[in-house]
Amino acid sequence: MFEIVSKKALNPTVVRMTIHAPLIARKAEPGQFVILRAGENSERLPLTVADFDREAGSVTIIYQIVGAGTMELNTLEQGDCLHDLVGPLGVATHTDGLKKVCIVGGGVGCAIAYPVAKKLHGLGAEVHSVIGFRNRDLVILEDDFRKVSSEMRLMTDDGSHGEKGLVTAALEKLIQEGNQYDEVIAIGPLVMMKFVCQVTKKYGVKTVVSMNPIMVDGTGMCGGCRLTVGGETKFACVDGPDFDGHLVDFDEAIARSGMYREFEAHAREASCNLLKKEVE
Amino acid sequence: MPNMDPKKTPMPSQEPCIRNGNFKEVALGYTAEMAVNEAKRCLNCKNKPCVSACPVCVDIPAFIQQVALENFEGAYEVLSRSTSLPAVCGRVCPQESQCEGKCVRGIKGESVGIGRLERFVADWHREHATAEVTKPESNGHKVAVIGAGPSGLTCAGDLAKLGYDVTVYEALHVAGGVLSYGIPEFRLPKSIVAQEIDGLRKLGVNIECNIVIGKTLTVDDLFDMGYEALFIGSGAGLPRFMNIPGESLKGVYSANEYLTRINLMKAYLPNSTTPIKKSEKVAVVGGGNVAMDAARCAKRMGAKEVYIVYRRGMQELPARLEEVEHAQEEGIIFKTLCNPIEVLGDENGNVSGVRCVEMELGEPDASGRRRPIVKENSEFVLDVDTMIMSIGTSPNPLIRNTTPGLETNRHGCIVVQNDDGLTSREGVYAGGDAVTGAATVILAMGAGKNAAKAIDNYIQRK
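What you see is a predicted model; the values in this text were computed from it and never measured. (Residues numbered from 1 in each chain as written. Chains lettered and ligands numbered in written order. Predicted model: local features only at pLDDT ≥ 70, side-chain atom pairs only at ≥ 80, totals over all residues. Heavy atoms only, no water.)

Brief notes about the overall build of chain A
Part 1 of the argument: Helix and strand content of chain A: 9 helices and 15 strands.
Part 2 of the argument: Over its C-alpha trace chain A gives a radius of gyration of 18 Å, about what one expects of a compact globule, namely 19 Å for 280 residues.
Part 3 of the argument: In terms of overall dimensions, chain A has a C-alpha envelope of 55 × 40 × 40 Å along the principal axes.
Part 4 of the argument: Expressed as a percentage of contacts within chain A between residues at least 6 apart in sequence, the contacts between residues at least 24 apart total 64%.
Part 5 of the argument: When the accessible area of chain A is evaluated, it comes to approximately 12100 Å², of which 50% is carbon and sulfur surface.
Part 6 of the argument: Each charge class in chain A can be summarised by its mean position, and for the 30 positive and 38 negative side chains these summaries are 2 Å apart. (Helix = DSSP H or I, 4+ residues; strand = E, 2+ residues; numbered from the N terminus. Rg over C-alpha atoms; globule rule 2.2 N^0.38 Å. Contact = heavy atoms within 4.5 Å. Areas by Shrake-Rupley, 256 points an atom, 1.4 Å probe, with all protein chains shown as cover. Lys, Arg positive; Asp, Glu negative; His and termini not counted. Charge placed at Lys NZ, Arg CZ, Asp CG, Glu CD.)

Quick look at the structure:
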């Protein structure tokens, strides 16, 4: 069940894992997510599908080791099995009829942005990509993005690779250079998506964002993932995770994402100590 | 000679001030002696009014007579002819409005403790039975059941007993539906749910968790896979909110989320990896059984003050009387005739209070209950840091959105032709909360049972 067929570190904290899951691979589309549990008593972790192979019957996830849950997941190696994996959940990213799109990815969000770029490229759309990272060591999927993009801007906060600066600056420049996008698709930290939306709103470019709030079941049952979109309450798990970025209440989403910050810090510490013990 | 004591044999229970600090079961169960004593209160009426009020038609006097004769395994055999989940029913059925509500002994005293006896027999069987359940001979027909909650499990159990090859698809990582994620450990221990489900597996029922019908597979995929009929028992899992300002503040939960974190994800265990807010003062909005469960969980999670905020009066609370009494004993404070109008937050976006208005009751509305009306100038702020919304749930849209030709009503409930549960699609049956909207475990079980009979007829006629 759910055997890990490959695992590779993309940078010191970001890992790509491919899992045998034929039923999910058969239905998965870019933009959808899966929920997994590493072990018998683990949290349910929602992770966006980074790739899938219908013939091999596998799905790929890319995760950043940030909390106790991802630390535990990262103790599993090739040949081990996940305890649970369910999906594909959520609504696939809408790609029909898009002729020219700018994909904006930030950090590990690039892992989710890439399959969308790849699909659009495959459908014959003109894809521009703007991907941003804190520094050179954290860059992922550079070559992959290059292959599917006719224009690409790689930005780092410190200028250690690509151009120095934020993705918003690069995006704004592309728009000012006269690129008329049917849509901008932005996937990354909430703050990044918020500021991308501020830029695109100024130019009246439709913008889709992929939201990744706290959730439990992923099927509409808990309501923990609720967001305010255009004044209405929406559940990211069943109504999204993609939403019209110009309608999302980002400040509320940012506040809600910090709901368990204290608990998480504590859990991270506890599991670090556990791992230390195992090493000893 | 029957036992003519007008009162039920009392149920041994944990003391309220002890139990509101732990998640162990509240009611401890009868001893054999107590059970026999209680069973002797049954008059074994010829016309069996109790049976007519049971959604799954348990032959109540017959099983109670076996208890009186101290033949507990015989009593279990009678029960298991009608119910696949007796240990569950004995604990969570609203007996006072069903079997016990019709009991002749209830006219001049207390009814026979039918629920308590059912629980005793199921528990006795679980602890003493040695005979292995045998898998019935296969009849070669395949049926799929969607949802491993009370209706789905009942339907699957009944079909398996008839020799069908039954597979149950469950979206969560554990079977049981509301029995696992919703009803707390202290009312229904999860080890009991697991053992009842294990009993179904021994009957040959195959349970596949982590499969969301409507996502991983569709109804049409299931027919392509060779299933001849389907039963949809996907429940009513979508939580409702009040749509008042502040509902997105940190510290506002749906009862579903709160209970799921505690029960399914085990946030109550000391080393749990599941985050949950450490609350001091909690307002639970709503007056049903789920609201009582959420309030009693909050107390056990360490909250000092827990309020039930309900817009009608004590008389109108939809929860079972027993649940209300248990909650009161455990120190839950009832703020009835009170309705929230805004959730207040602090500078960090955490809940800091709930602005409420007082209500009074007017003329009866369409539901027959007196309509609550806002009292003028009655606004006040309830000082809480957590708010749990328990004002009902609706059916999940995942199946209706992916199943062409499946008729649903404006509430999103699946429309069925009659008690058999046949939907607008041939070979597709449905029952439980997915059809009725949020109701009880036993009504869902009754629907699963009727559908199993109808599916058997359908396949045999084909």
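A word on the pattern of salt bridges
Residues and elements named next belong to chain B.
Part 1 of the argument: Applying the stated rule across the entire model yields 42 salt bridges over all chains.
Part 2 of the argument: The salt bridge partner of glutamate 323 is arginine 187, with a shortest N-O separation of 3.4 Å. You can see glutamate 323 sitting in helix H14 (residues 321–329) and its partner arginine 187 sitting in the loop between helix H9 (178–181) and helix H10 (190–202), a full 136 residues away along the chain. When sorted by exposure, glutamate 323 lands in the same class as arginine 187, which is buried.
Part 3 of the argument: A salt bridge links arginine 355 to glutamate 379, with the nearest nitrogen and oxygen atoms 3.7 Å apart. (Salt bridge = Lys/Arg side-chain N within 4 Å of Asp/Glu carboxyl O. Buried < 20%, exposed > 50% of the residue type's maximum accessible area, 1.4 Å probe, protein only.)

Describing helix H13 (residues 289–300) of chain B
Residues and elements named next belong to chain B.
Part 1 of the argument: The end-to-end C-alpha distance of H13 is 17 Å, a good match for the 16 Å that 12 residues give at a rise of 1.5 Å each.
Part 2 of the argument: The element H13 is largely enclosed, with a buried count of 10 among its 12 residues.
Part 3 of the argument: Listing the buried residues of H13 in full gives Ala291, Met292, Asp293, Ala294, Ala295, Arg296, Cys297, Ala298, Lys299 and Arg300.
Part 4 of the argument: Glycine 302 lies just past H13 and shows a positive phi near 110°. (Expected span 1.5 Å × (residues − 1).)

A few points about the state of the cysteines
Part 1 of the argument: On inspection of all chains with the given rule, the structure shows 0 disulfides over all chains.
Part 2 of the argument: Cysteine 110 of chain A takes part in no disulfide bond, and the closest cysteine sulfur to it belongs to cysteine 102 of chain A, at a distance of 12 Å.
Part 3 of the argument: According to the relative accessible area criterion, cysteine 110 of chain A is buried, its value standing at 0%.
Part 4 of the argument: Left without a disulfide partner, cysteine 42 of chain B is nearest to the cysteine sulfur of cysteine 45 of chain B, which lies 6.4 Å away.
Part 5 of the argument: Residue cysteine 42 of chain B is classed as buried on the basis of its relative accessible area of 15%. (Disulfide = S-S within 2.5 Å.)

Examining the pairing of strand E13 (residues 226–229) of chain A
Part 1 of the argument: Side-chain alternation along E13 of chain A places Arg226 and Thr228 of chain A on one buried face and Leu227 and Val229 of chain A on a second face that is also buried.
Part 2 of the argument: Where E13 of chain A hands over to strand E14 (residues 232–235) of chain A, the hairpin turn is made up of 2 residues, of which glycine 230 of chain A adopts a positive phi near 60°. (Pairing = 2+ DSSP bridges.)

Observations regarding a nonpolar patch on the surface
All names here are of chain B.
Part 1 of the argument: There is a patch of nonpolar side chains on the surface, built from Met1, Met4, Leu43, Val104 and Ile107 and spanning about 580 Å² of accessible area.
Part 2 of the argument: With respect to the helices and strands, valine 104 occurs in the loop between helix H6 (86–92) and helix H7 (114–128).
Part 3 of the argument: By relative accessible area, valine 104 is classed as partly exposed at 33%. (Patch = residues over 30% accessible without salt bridge, like charges linked within 9 Å, V, L, I, M, F, W, Y side chains within 5 Å.)

Comments concerning the domain arrangement of chain A
Residue and element names in this part refer to chain A.
Part 1 of the argument: Along its sequence, chain A is organised into domain 1 (2–89) and domain 2 (100–257).
Part 2 of the argument: Taking only C-alpha atoms, the centre of domain 1 and the centre of domain 2 are 21 Å apart.
Part 3 of the argument: Contacts between the two partners involve 21 residues from domain 1 and, on the opposite side, 19 residues from domain 2.
Part 4 of the argument: For the pair domain 1 and domain 2, the summed buried area comes to about 1600 Å², and 63% of that belongs to carbon and sulfur atoms.
Part 5 of the argument: Our count for the domain 1 to domain 2 interface comes out at 2 salt bridges.
Part 6 of the argument: The shortest N-O distance in the salt bridge between glutamate 29 and lysine 119 comes to 3.2 Å.
Part 7 of the argument: At the junction of domain 1 with domain 2, the criterion picks out 5 residue pairs in polar contact (both at pLDDT 80 or more).
Part 8 of the argument: Among the secondary structure elements, those contributing two or more residues to the side of domain 1 that touches domain 2 are strand E1 (4–11), strand E2 (14–20), strand E3 (33–37), strand E4 (45–53) and strand E5 (58–64).
Part 9 of the argument: The element that contributes the greatest number of residues to the side of domain 1 that touches domain 2 is E4, accounting for 5 residues.
Part 10 of the argument: Split by residue class, the side of domain 1 that touches domain 2 holds 12 nonpolar, 5 polar and 4 charged. (Domains from an automatic or database assignment. Buried area = accessible area lost by both parts, 1.4 Å probe. Polar contact = N/O pair within 3.5 Å; in protein donor to acceptor, adjacent residues only side chain to side chain. Nonpolar A, V, L, I, M, F, W, Y, C, P; charged D, E, K, R; others polar.)

Concerning the packing of helix H6 (residues 190–203) of chain A against helix H8 (residues 250–257) of chain A
To characterise two packed helices, one gives the angle between the axes of the helices and the distance between these axes.
Residue and element names in this part refer to chain A.
Part 1 of the argument: Put simply, H6 and H8 touch, their axes get as near as 10 Å, and they point 175° apart. As far as their axial angle goes, H8 and H6 are roughly antiparallel. Contact residues: H6 offers Leu190, Val191, Met193, Lys194 and Cys197, while H8 offers Phe250, Asp251, Ala253, Ile254 and Ser257.
Part 2 of the argument: Among the residues forming the contact of H6 with H8, the class breakdown is 7 nonpolar, 1 polar and 2 charged. (Axes fitted to C-alpha atoms, helices over the stretch in contact; angles between N-to-C directions. Parallel < 35°, antiparallel > 145°, perpendicular 65-115°, else oblique.)

So, the domain arrangement of chain B
All names here are of chain B.
Part 1 of the argument: Here chain B is partitioned into domain 1 (16–128), domain 2 (142–237 + 394–461) and domain 3 (241–391).
Part 2 of the argument: Relative to domain 3, the C-alpha centre of domain 1 lies at a distance of 32 Å.
Part 3 of the argument: Between domain 1 and domain 3 the total buried area reaches about 1000 Å² when both faces are included, carbon and sulfur atoms providing 53% of it.
Part 4 of the argument: Considering only the surface of domain 1 that becomes buried against domain 3, Arg19, Asn20 and Phe23 emerge as the three largest contributors, covering 58% of it.
Part 5 of the argument: In this assembly, domain 1 and domain 3 are joined by 3 salt bridges.
Part 6 of the argument: Run the count over domain 1 and domain 3 and you get 9 residue pairs in polar contact (both at pLDDT 80 or more).
Part 7 of the argument: Looking at the side of domain 1 that touches domain 3, the elements with two or more residues in it are helix H1 (16–19) and H6.
Part 8 of the argument: Looking at side-chain class alone, the side of domain 1 that touches domain 3 contains 6 nonpolar, 4 polar and 3 charged residues.

A closer look at the pairing of strand E12 (residues 370–374) of chain B
Part 1 of the argument: Pairing between strand E11 (residues 351–364) of chain B and E12 of chain B: 4 bridges, direction antiparallel. In the strand pairing of E12 of chain B, leucine 361 of chain B is matched with proline 372 of chain B.

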